[in-house]
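Given next are the chains, with one letter for each unit.
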Amino acid sequence: MIYVLVPFYNEEDNLSKLISSLHDFFVDIDVHYVFSDDGSIDKSIEILNSLLKNDNFVIISDGKNYGPGHAFDVGFNWILGHSNDDKDTVVTIEADSTSDLGILKTMITLSQLGYDLVIASVYAQGGGFSKTSFFRKVISSIANLMFRFVFDLKVLTLSSFYRVYNVSIMRSIKSKYGNIIEEHGFICMLEILLKSVKVNAKIVEIPMMLKSDNRVGKSNLKVFKTTISYLKFLIKSKRKLK
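Residues numbered from 1 in each chain as written. Predicted model: local features only at pLDDT ≥ 70, side-chain atom pairs only at ≥ 80, totals over all residues. Heavy atoms only, no water.

Enquirer: Outline the overall build of the chain, supporting the account with residue identities and numerical values.
Expert: Helices and strands together make up the secondary structure of the chain, namely eight helices and nine strands. Looking at the chain residue by residue over its 242 residues, the buried ones come to 52%. Long-range pairs, those at least 24 residues apart, make up 81% of the contacts in the chain with a sequence separation of at least 6. For the chain, the computed accessible surface area is about 11700 Å², with 53% contributed by carbon and sulfur atoms. (Helix = DSSP H or I, 4+ residues; strand = E, 2+ residues; numbered from the N terminus. Buried < 20%, exposed > 50% of the residue type's maximum accessible area, 1.4 Å probe, protein only. Contact = heavy atoms within 4.5 Å. Areas by Shrake-Rupley, 256 points an atom, 1.4 Å probe, with all protein chains shown as cover.)

Enquirer: With reference to specific residues and values, describe helix α1 (residues 15-25).
Expert: For α1, every residue scored as buried is listed here: Leu 15, Leu 18, Ile 19 and Leu 22. Buried residues in α1, looked at end-on, bunch into an arc of 95°, giving them a common side. Elements in contact with the buried residues of α1: β1 (2-8), β2 (31-37) and α2 (44-51). (Arc of directions from axis to C-beta.)

Enquirer: I'd like to hear about the nonpolar core, residue by residue, with values.
Expert: The biggest cluster of nonpolar side chains holds 37 residues, and the ones touching the most others in it are Val 34, Phe 72, Phe 76, Ile 79, Tyr 165, Met 170 and Ile 192. When residues of this core are traced back to their parent elements, those giving at least two are β1, β3 (57-60), α3 (68-82), β5 (117-121), α6 (167-177) and α7 (188-198). Of the residues forming this core, the biggest block, six residues, is contributed by α7. Listed in part, the 32 residues of the second largest apolar core include Phe 8, Phe 26, Val 31 and Ile 103. (Core = buried A, V, L, I, M, F, W, Y, C linked by side-chain atoms within 4.5 Å.)

Enquirer: How would you sum up α3? Please name residues and give values.
Expert: With 15 residues, α3 ought to run about 21 Å at 1.5 Å a step, and its terminal C-alpha atoms sit 21 Å apart, in line with that. Of the positions making up α3, those classed as buried are Pro 68, Gly 69, Ala 71, Phe 72, Asp 73, Gly 75, Phe 76, Trp 78, Ile 79 and Leu 80. (Expected span 1.5 Å × (residues − 1).)

Enquirer: Hey, could you go over the pattern of salt bridges for me, with residue numbers and the actual values?
Expert: Here the structure, examined in full by the defined rule, presents three salt bridges. A salt bridge links Asp 86 to Arg 171; the shortest N-O distance between them is 2.8 Å. Of this pair, Asp 86 sits in the loop between α3 and β4 (89-92) while Arg 171 sits in helix α6, and the two are 85 residues apart along the sequence. Judged by its relative accessible area of 27%, Arg 171 falls in the partly exposed class. (Salt bridge = Lys/Arg side-chain N within 4 Å of Asp/Glu carboxyl O.)

Enquirer: Summarise the packing of aromatic side chains; cite the residues concerned and give the values.
Expert: Applying the stated rule across the entire model yields seven aromatic pairs. Between Phe 8 and Phe 35, the aromatic rings sit 6.2 Å apart at their centres with planes inclined by 65°, giving edge-to-face as the arrangement. Linking Phe 8 in strand β1 with Phe 35 in strand β2, this pair joins segments that are 27 residues apart in sequence. Per residue, the accessibility class of Phe 8 equals that of Phe 35, and both read buried. Note on Phe 26 and Tyr 33: the rings are 6.4 Å apart at their centroids and 80° apart in plane angle, and the pair reads as edge-to-face. In terms of burial, Phe 26 and Tyr 33 fall into one category: buried. Site record: aromatic cluster; members linked through ring pairs are Phe 72, Phe 76, Phe 161, Tyr 165 and Phe 186. Over the ring of Tyr 177 we find Lys 176, and its NZ or CZ is 5.6 Å from the ring centre. In this arrangement the basic side chain of Lys 202 is found over the ring face of Tyr 115, its NZ or CZ atom lying 4.7 Å from the centre. (Phe/Tyr/Trp six-rings, centres within 6.5 Å; stacked < 30°, edge-to-face > 60°. Lys NZ or Arg CZ within 6 Å of the ring centre and 35° of its normal.)

Structure follows, in structure tokens:
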């Protein structure tokens with residue numbers, strides 16, 4: 001089984017394009033969509049129910065806004081509670097259609113060949129950004145370099161939502177730490193990456209162009225708030241993630 005986990009917050013203008021792209025990709029493939037709502041106040045849930053009515057899907061929502069980390073965590077835990085095979089695959093993807101589905105077949109194939117975590121990487125050779133501000137590129141590059149140095153990580157892209165996990169590695173993380181994700185903000189992607197490294201996950205990256213021009217509206221990422229959360233995480237995580 002392939003589970004597609006999509007955290008979302010007020011994405012009514014982007015969901016139709018995303019669902020259309022996913023339907024085109026997963027033709028004749030056994031897939032279950034897991035949409036995890038972070039307290040949307042627009043018509044996102046209504047749109048999803050309409051677009052997914054002929055699919056296997058669940059929309060998880062309690063109407064509260066915690067942050068993407070919480071949305072990911074409840075989604076992962078729902079999948080662990082429903083998966084009957086550790087060889088099942090979890091695809092995590094942006095709700096705003098900035099992730100390139102053109103590389104998803106390769107990512108899933110690598111996962112099935114034995115990689116526990118496959119990361120779509122804008123910093124791998126051949127990857128990059130399209131129509132992203134210079135300031136955001138600089139902040140992203142500095143954060144990636146700093147955390148790679150501090151934690152001695154060989155991975156180039158640390159914060160990408162677009163990944164493919166084996167269910168087995170999620171169970172290993174849950175068993176070791178008692179939870180999959182604690183952080184509520186965008187730093188959650190670094191947290192789960194570090195935990196994956198600590199449980200000896202086999203990790204590989206493939207290049208991706210982040211297609212910011214596909215997004216309608218502004219990104220939900222708040223640069224200053226996210227930068228502060230990265231610094232706080234740096235201070236506390238060296239003693240916690242052992």
